[in-house]
Amino acid sequence: MILVAGSANLDFVVQADHIPAPGETVLGREFKTFPGGKGANQAVACAKAGGMVTHMLLALGNDDFATPLESSLRGAGVQMHIVREPDHATGTAFICVSDSGENAITVAPGANACLRPVHLPPLDGFSHLLLQLETPLDTVCAYARAARKAGVVVVLNAAPSQVLAPELLSLVDILIVNEGELAVVSQCQGSVAECLERLQVPTVVVTLGESGCCARQQGVLHLQAAFAISPVDSTGAGDTFCGALSAALSLGHGMADALRYACAAGALACTRLGAQSSIPEATDVASLLVQQTDNNTPSRLAALRALCGLN
Ligand code: RIB
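Below or above, wherever it landed, is the structure these notes cover. (Residues numbered from 1 in each chain as written. Predicted model: local features only at pLDDT ≥ 70, side-chain atom pairs only at ≥ 80, totals over all residues. Heavy atoms only, no water.)

## A word on the site of the ligand
What surrounds the ligand is a group of 13 residues, the closest being Asp11, Gly37, Lys38, Glu134 and Asp239. Within the contact set of the ligand, an oxygen atom lies 2.9 Å away from a backbone nitrogen or oxygen of Gly37. Contacts to the ligand include Glu134, whose side-chain N or O atom sits 2.7 Å from an oxygen atom. Bound to the protein, the ligand loses 96% of the 280 Å² it would expose on its own. For the shell around the ligand, the secondary structure elements donating two or more residues are β2 (9–16), α1 (38–49) and β7 (103–108). When its residues are assigned to classes, the shell around the ligand shows four nonpolar, five polar and four charged. (Near = heavy atom within 4 Å. Polar contact = N/O pair within 3.5 Å; in protein donor to acceptor, adjacent residues only side chain to side chain. Areas by Shrake-Rupley, 256 points an atom, 1.4 Å probe, with all protein chains shown as cover. Helix = DSSP H or I, 4+ residues; strand = E, 2+ residues; numbered from the N terminus. Nonpolar A, V, L, I, M, F, W, Y, C, P; charged D, E, K, R; others polar.)

## Structural notes on the sheet that holds strand β3 (residues 31–36)
With mixed pairing, four strands are arranged side by side in an open sheet as β3-β2-β6-β7. Both edges of this open sheet fall to β3 and β7, since each of them pairs with a single strand only. For this sheet the average axis-to-axis angle between neighbouring strands, irrespective of direction, equals 25°. With eight bridges connecting them, β2 and strand β6 (residues 91–98) associate as parallel partners. Across the sheet, Asp11 pairs through a bridge with Ala93, a residue of β6. Where helix α2 (residues 66–75) meets the sheet, its contacts fall on β2 and β3, and the angle it forms with β3 comes to roughly 55°. (Pairing = 2+ DSSP bridges. Axes fitted to C-alpha atoms, helices over the stretch in contact; angles between N-to-C directions. Contact = heavy atoms within 4.5 Å.)

## A look at the packing of aromatic side chains
Here the structure, examined in full by the defined rule, presents three aromatic pairs. When the ring of Phe12 is compared with that of Phe31, the centres are 5.7 Å apart and the planes differ by 20°; the resulting orientation is stacked. In this pair, Phe12 is assigned in strand β2 and Phe31 in strand β3, connecting sequence segments 19 residues apart. In this structure Phe12 comes out as buried when scored by relative accessible area, which is 17%. Where Phe12 meets Phe65, the ring centres are 5.4 Å apart and the plane angle is 70°; that geometry is what we call edge-to-face. Of this pair, Phe12 sits in strand β2 while Phe65 sits in the loop between β4 (54–61) and α2, placing them 53 residues apart in sequence. Of the residues examined, Phe65 reaches a relative accessible area of 33% and is grouped as partly exposed. Among the aromatic side chains, those forming a connected cluster through ring pairs are Phe12, Phe31, Phe65 and Phe94. (Phe/Tyr/Trp six-rings, centres within 6.5 Å; stacked < 30°, edge-to-face > 60°. Buried < 20%, exposed > 50% of the residue type's maximum accessible area, 1.4 Å probe, protein only.)

## A few points about the sheet that holds β4
Spatially, β5-β4-β1-β8-β9-β10-β11-β12-β13 is the arrangement adopted by the nine strands of the open sheet, whose pairing is mixed. Whereas interior strands pair on both sides, the edge strands pair on one side only; in this sheet they are β5 (79–85) and β13 (220–225). Looking at each pair of strands side by side, their axes are set apart by 15° on average, direction ignored. Running at roughly 155° to β4, α1 makes contact with β1 (2–5), β4, β8 (128–131) and β9 (153–157) of the sheet.

## Things to note about the environment of Ile95
Tracing the sequence through the fold places Ile95 in strand β6. Leaving out residues up to four positions away in the same chain, Ile95 has contacts with Asp11, Phe12, Val13, Val14, Asn103, Ala104, Ile105 and Thr235.

## Notes on unusual backbone geometry
Here the residue pair Ala159 and Pro160 is connected by a cis peptide bond, since its omega of -5° sits within 30 degrees of zero. Along the chain, Pro160 falls in the loop between β9 and α4 (166–170). We note that Gln187 has phi near 50°; this positive angle belongs to a residue other than glycine. As for its placement among the helices and strands, Gln187 is situated in the loop between α5 (179–186) and α6 (192–198). Phi angles above zero are rare outside glycine, and Gln218 is one such case at about 45°. The topology assignment puts Gln218 in the loop between β12 (212–217) and β13.

None of this, on its own, says anything about what the molecule does.
Structural data, given as structure tokens:
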């Protein structure tokens, strides 16, 4: 059983042919709202794509924006522990999605900023605690400390990127980052391999977008090539990866299989618009794994090795 503690945002999304540069105005197309927030996306991914019994601790305002977030989590079967903050708005995110599927996101944290150490529920029965950085850092640190004390595996997705206190890093069992976040957390401008060497965390997983992902677990390196898809919107793909990976690991899968599963789930999340609306069912992930059994070709793995600076 997994506990996700983190953010929930209502995403305000507009598609445009490109993301505006500073000072630029672009004419977009239709506007839509979707349930989002890194924490809630990861909880839905754990439950829906990962098939894992999932609980989520989240803070919401007493407003209309909270309703679709609660419905989405409930619909995915996530057991919610809601901290209601009547004096704060539910978190929101303003997202522009380009025609190539890339995005730019600005978050207004609202109630997410009110999550405090005292709100953590009892950890009995949980195998993993999954955290992100859209809630206050001291709260994240306190939750990690409590989980370590209770023997619960601490998984941290260090997004949005920020420099982390050594104490927090020392409490993390599995760190999940993209390339940019890896550079910030490791304070290293070198290759992925060089940045990984700077981190003492037992397991570090690095997502590499359309190239795939890699992981260093207790000194052993794993590489996984990406699955071929036609991207529509990458929002929530990283969160889907984090939720699916945590679920697979807590189900007892080894790192190589868990990476493969999470990569497939993350790829499918890029094929639909929105964050939680794009998270696949476990059966869809299984189908993609069957359709693309041979994607770890020697040439793709060689390209991944080169990208990571492993040659
Ligand atoms: O990772 C994607 C998420 O980041 C969006 O759903 C948005 O709410 C922000 O939290």
